[in-house]
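What follows is each chain in one-letter form.
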There are 4 protein chains.
Amino acid sequence: MPKSETKPKSRTRSDKRNRIVDAAISVFARSGFHRARVSDIAAEAGIAYGLVYHYFKNKEEILNTIFEERWTGFLEAVENIADSPGSTEEKLVGITSMILGANRVNPEWVKVFVLEIQRSSRFAEPGQIRAVGRLFSAVARVLRDGQAKGEVRGDLDPDIACYIVVGGLETVVTGLVLDVIEIDSSQAESEYYSKVAATVVEIFLRGLAADSRDQ
Amino acid sequence: MPKSETKPKSRTRSDKRNRIVDAAISVFARSGFHRARVSDIAAEAGIAYGLVYHYFKNKEEILNTIFEERWTGFLEAVENIADSPGSTEEKLVGITSMILGANRVNPEWVKVFVLEIQRSSRFAEPGQIRAVGRLFSAVARVLRDGQAKGEVRGDLDPDIACYIVVGGLETVVTGLVLDVIEIDSSQAESEYYSKVAATVVEIFLRGLAADSRDQ
Amino acid sequence: MPKSETKPKSRTRSDKRNRIVDAAISVFARSGFHRARVSDIAAEAGIAYGLVYHYFKNKEEILNTIFEERWTGFLEAVENIADSPGSTEEKLVGITSMILGANRVNPEWVKVFVLEIQRSSRFAEPGQIRAVGRLFSAVARVLRDGQAKGEVRGDLDPDIACYIVVGGLETVVTGLVLDVIEIDSSQAESEYYSKVAATVVEIFLRGLAADSRDQ
Amino acid sequence: MPKSETKPKSRTRSDKRNRIVDAAISVFARSGFHRARVSDIAAEAGIAYGLVYHYFKNKEEILNTIFEERWTGFLEAVENIADSPGSTEEKLVGITSMILGANRVNPEWVKVFVLEIQRSSRFAEPGQIRAVGRLFSAVARVLRDGQAKGEVRGDLDPDIACYIVVGGLETVVTGLVLDVIEIDSSQAESEYYSKVAATVVEIFLRGLAADSRDQ
DNA sequence: CATGAATGAGAATTCATTCAT
DNA sequence: GATGAATGAATTCTCATTCAT
């Protein structure tokens, strides 16, 4: 066989697979999971659509893969922060920055996670609810630790409060994802994100009320 | 003959139409918009397949109708509270209670709104983004008014803060909708809702930090 | 019965019925039989569409009615000409004028006949083929009579020739119906029709060849 | 194992596509475009339902394809004759024979063209009206050239006369297609066609009138 | 590994027709 | 006669998934 070209045909295996996952993220972000066609994903990845079925059992498994492979890494980073020795405020700032940062670096990924994975029945499925639940748990743990250290009020239920923190953050992110929160063009984007992060944590920690600090 | 009770028959003309909308809410809540079949809705409503198309142009229009006819009423109630003469705290408690209450009275409606309408392309459509935006705006107005009255810190941007408030609330509601927030069986459900409402408003106003009050 | 108003409620019966037929002609001309909805016809007639089924068994029967009630009258007029004592040329001019005239007076009717009734399987249905056939037969009779009188060449088969005459005419009419034959704006419409009629008969009688007359 | 004869399998890639087109012609000829179901076409072609949509966007596109792919070839043959150096009579005989011959060789194709494509809105669509118009134009050109050469009377408008020629021919073809023109069983079919062709051209050139030649 | 032709279950939608009022 | 709500069969079209090459 004269097929001895020097083409770098190595790591072909996971190369294509990753391209499929990346393409799926783009397409899911653009069209949503249900509207996305497997052929769209293949076209975006530049491969034949039959190949998708070499790497994935079906369309749903792509979504699961996005979730498991990418979310898990993200989650571990969050849990690292949650279980670090810092103060509650430091931890919340860290988690908030991480989430907002993810949105800046890879908004499509966040969009898919926020709009597709979390929703639908998947949210309620054991495997994933546990995975999503880990985020809530991490935040709840931060709060509980804070209570133990006297940094967080003891009269609040951390298992409820964590929903407020994660949900508040998520909606801000959603607003950014959907371009509903308008970014003042007079300020650099990165500055705006800093401002948002500061606002978010400030509200969670010190609250909206004027008297809470002034008294 | 006990036939005298089966008699009323078609009374309000839009009797069937309402039954379709109600059925759609149930089915959408159960299966999600995409998975829901028109035939499911018809079966749930106890009417024939084609009648759905007598009243609605297509499946999507049912979703829009749910949104327009029911969300608008809800929104007006929220705006009434926002524009009432009460204190910021009273208003936030009012709005929070209203949202949590809606979830208690008609959880399917909230589920459809939270999981279906808000998502999909609809969230981004002018008409509806504006309608959804009205909720955010109403909360932002409450905060701005509070700033003017000195009840809310002046150093926070209400247009960002409103996302945190609405989002925090929404996620709590979602948690309740999806039964992820477990309700301690030792307490009555209604008591639990009160506790949740109090916690939510407390966090938004006074924050999580212990020192914010103690100092 | 106190219903003694002086409203001219007489001939109501066929009044509505005729309105349905007229409306159907318009709608069929506009959309074609298959695309035409019964509700379109009812709307055009200004009545409830259930009423259509009072007067007609189904949609097809409306088409048949148009055919039978209107075509028959037209056909009798043609047959009258065919069986009149005039010369062959006079008869052909008469028939041609009648067809072109019908198109001027009621183009929708002609359009429906040309495009809908004659086509489709109906052309082949016994009842109608006979009725359509009567037109061909009438023309064939004119030609046969002409042969007997020595006005028409005896070497032509009238049963084939009649197709050429009717078909040539019909296509001219179709061209007019579809506005494919453009009418020179410099001449009045009525003059144009006269010119067309003259051309048609002239061709049928004397042919296209220059030498046929010149010799 | 007798499997060696079932082997050929997919050869030309567009093998199936052509089978769909051929099947569609048969089904359209049998049932008409509107009555024809896509499933009928698939069954006739011996392929799966969905494959039709692999090759064609929708049912209408099949009709368009029949038109474009087959009509164009036919048209070019007609135009070749029209633009050849022969006499007017030779050209008309050539075109007539071509049309009658097409009907003998592939009556279904002619039937679909005559009954389906030409009708419906298609006749009025720019692209196709132009294509159909090319047939009329070709005949008009033959007549105009004949006038220039003194073979055709100069007092006739070729733009009207061409409708008569094409239309006369078409109706004869339609009569044959629909078996309304009965073929005398005493003569061979091919002879009959010759007779029809001769009659048609004879009428167009020399006309029906006895005196046109006798004088 | 790759390809994309082939399959067919599913779902939406249309609309002629019936029927209770 | 008149109305239009109600019915549901019929069809088109989509697209995930399989499979032969």
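Residues numbered from 1 in each chain as written. Chains lettered and ligands numbered in written order. Predicted model: local features only at pLDDT ≥ 70, side-chain atom pairs only at ≥ 80, totals over all residues. Heavy atoms only, no water.

Asks: Can you help me understand the relation of the copies chain C and chain D in this one?
Replies: The pair of chain copies shares a relation made of a rotation about an axis and a shift along it. By a simple turn and slide, chain C fits onto chain D: the slide is 0.0 Å along the axis, the RMSD is 0.2 Å, and the turn is 180°. A rotation of that kind, with that shift, is consistent with a two-fold axis. Relative to the rotation axis, the closest C-alpha in chain C is found at C:Gly207, a distance of 1.7 Å. Looking at chain C, 100% of its interface residues are interface residues in chain D too, so the copies touch through the same face. (Least-squares fit on C-alpha atoms with pLDDT ≥ 70 in both. Contact = heavy atoms within 4.5 Å.)

Asks: I tried to follow the environment of B:Thr96 on my own but got confused; where do I start?
Replies: Residue and element names in this part refer to chain B. Mapped onto the fold, Thr96 is located in helix H5 (residues 88-105). Sequence separation of Thr96 and Val200 is 104 residues, and the distance between their C-alpha atoms is 7.9 Å. When neighbours within four sequence positions are excluded, Thr96 is seen to be in contact with Leu169, Ala197, Val200 and Val201. (Helix = DSSP H or I, 4+ residues; strand = E, 2+ residues; numbered from the N terminus.)

Asks: What should I look at first to understand the packing of helix H9 (residues 189-206) of chain C against helix H8 (residues 158-177) of chain D in this one?
Replies: Two numbers describe a pair of packed helices, the interaxial angle and the distance between the axes. Across the interface, H9(C) lies against H8(D) with an axial gap of 10 Å and an inter-helix angle of 55°. Here H9(C) is positioned oblique relative to H8(D), judged by the angle of their axes. Considering how the two elements wind past one another, H9(C) and H8(D) form a crossing that is right-handed. Along its contact with H9(C), which presents C:Tyr192, C:Val196, C:Thr199, C:Val200, C:Ile203 and C:Phe204, the element H8(D) presents D:Ile160, D:Ala161 and D:Ile164. (Axes fitted to C-alpha atoms, helices over the stretch in contact; angles between N-to-C directions. Parallel < 35°, antiparallel > 145°, perpendicular 65-115°, else oblique. Left-handed = near helix turned anticlockwise from the far one by under 90°.)

Asks: Can you help me understand the pattern of salt bridges in this one?
Replies: Side chains carrying opposite charge are able to pair once their charged atoms draw close together. All names here are of chain B. Inspection of the entire model under this criterion finds 49 salt bridges over all chains. We note a salt bridge from Glu79 to Arg134, for which the minimum N-O separation is 2.8 Å. Of the two residues, Glu79 is situated in helix H4 (residues 59-82) and Arg134 in helix H7 (residues 126-148); the sequence distance between them amounts to 55 residues. The class of Arg134 is partly exposed, set by a relative accessible area of 32%. (Salt bridge = Lys/Arg side-chain N within 4 Å of Asp/Glu carboxyl O. Buried < 20%, exposed > 50% of the residue type's maximum accessible area, 1.4 Å probe, protein only.)

Asks: What's the story with the interface of chain C and chain D in this structure? I'm lost.
Replies: How big an interface is tends to be stated in terms of accessible area lost as the parts join. Facing the 48 residues of chain C at the interface are 50 residues of chain D. On the chain C side of the contact with chain D, C:Arg153, C:Tyr163 and C:Leu208 bury the most area, a combined 18% of that side's loss. Among the ionic pairs, D:Arg153 bridges to C:Glu202, the shortest N-O distance being 2.7 Å. Classifying every residue of the side of chain C that touches chain D by side-chain character gives 24 nonpolar, 13 polar and 11 charged. (Buried area = accessible area lost by both parts, 1.4 Å probe. Nonpolar A, V, L, I, M, F, W, Y, C, P; charged D, E, K, R; others polar.)

Asks: Can you walk me through the nonpolar core in this structure?
Replies: Nonpolar side chains in soluble globular proteins tend to be buried together. C:Phe28, C:Trp71, C:Leu208, D:Phe28, D:Trp71, D:Val172 and D:Leu208 are the most contacted members of the largest nonpolar core, which totals 145 residues. Setting aside chain neighbours within four positions, we find C:Leu208 in contact with C:Ile203, D:Leu92, D:Leu143, D:Glu151, D:Val152, D:Arg153, D:Leu156, D:Ala161, D:Val165, D:Phe204 and D:Leu205. Membership of the second largest hydrophobic core comes to 141 residues, among which are A:Tyr192, B:Ala140, B:Leu169 and B:Ile203. (Core = buried A, V, L, I, M, F, W, Y, C linked by side-chain atoms within 4.5 Å.)

Asks: Any chance you could explain the domain arrangement of chain A here in plain terms?
Replies: Residues and elements named next belong to chain A. For chain A, the domain assignment lists domain 1 (1-56) and domain 2 (62-207). Contacts between domain 1 and domain 2 engage 14 residues on the former and 11 residues on the latter. The junction of domain 1 with domain 2 conceals about 1,200 Å² of combined surface from both sides, 68% of it contributed by carbon and sulfur atoms. Linking domain 1 with domain 2 are two salt bridges, by the criterion used here. A salt bridge links Arg70 to Asp22; the shortest N-O distance between them is 3.1 Å. Here domain 1 is connected to domain 2 by three residue pairs in polar contact (both at pLDDT 80 or more). In terms of residue count, the dominant contributor to the side of domain 1 that touches domain 2 is helix H1 (residues 12-31) (nine residues). Among the residues forming the side of domain 1 that touches domain 2, the class breakdown is nine nonpolar, three polar and two charged. (Domains from an automatic or database assignment. Polar contact = N/O pair within 3.5 Å; in protein donor to acceptor, adjacent residues only side chain to side chain.)

Asks: Mind showing me how you'd approach H8(D) here?
Replies: An α-helical segment advances 3.6 residues per turn. Residues three or four places apart therefore align on the same side. Residue and element names in this part refer to chain D. In a regular helix each residue adds 1.5 Å, so 20 residues correspond to 28 Å; H8 covers 28 Å between its end C-alpha atoms and thus fits that length. With 19 of 20 residues buried, H8 lies mostly within the body of the structure. The residue sitting at the N-terminus of H8 and contributing the capping side-chain oxygen is Asp157; that oxygen lies 2.8 Å from the backbone nitrogen of Asp159. Positive backbone phi, at 60°, marks Asp179, one or two positions downstream of H8. (Expected span 1.5 Å × (residues − 1).)

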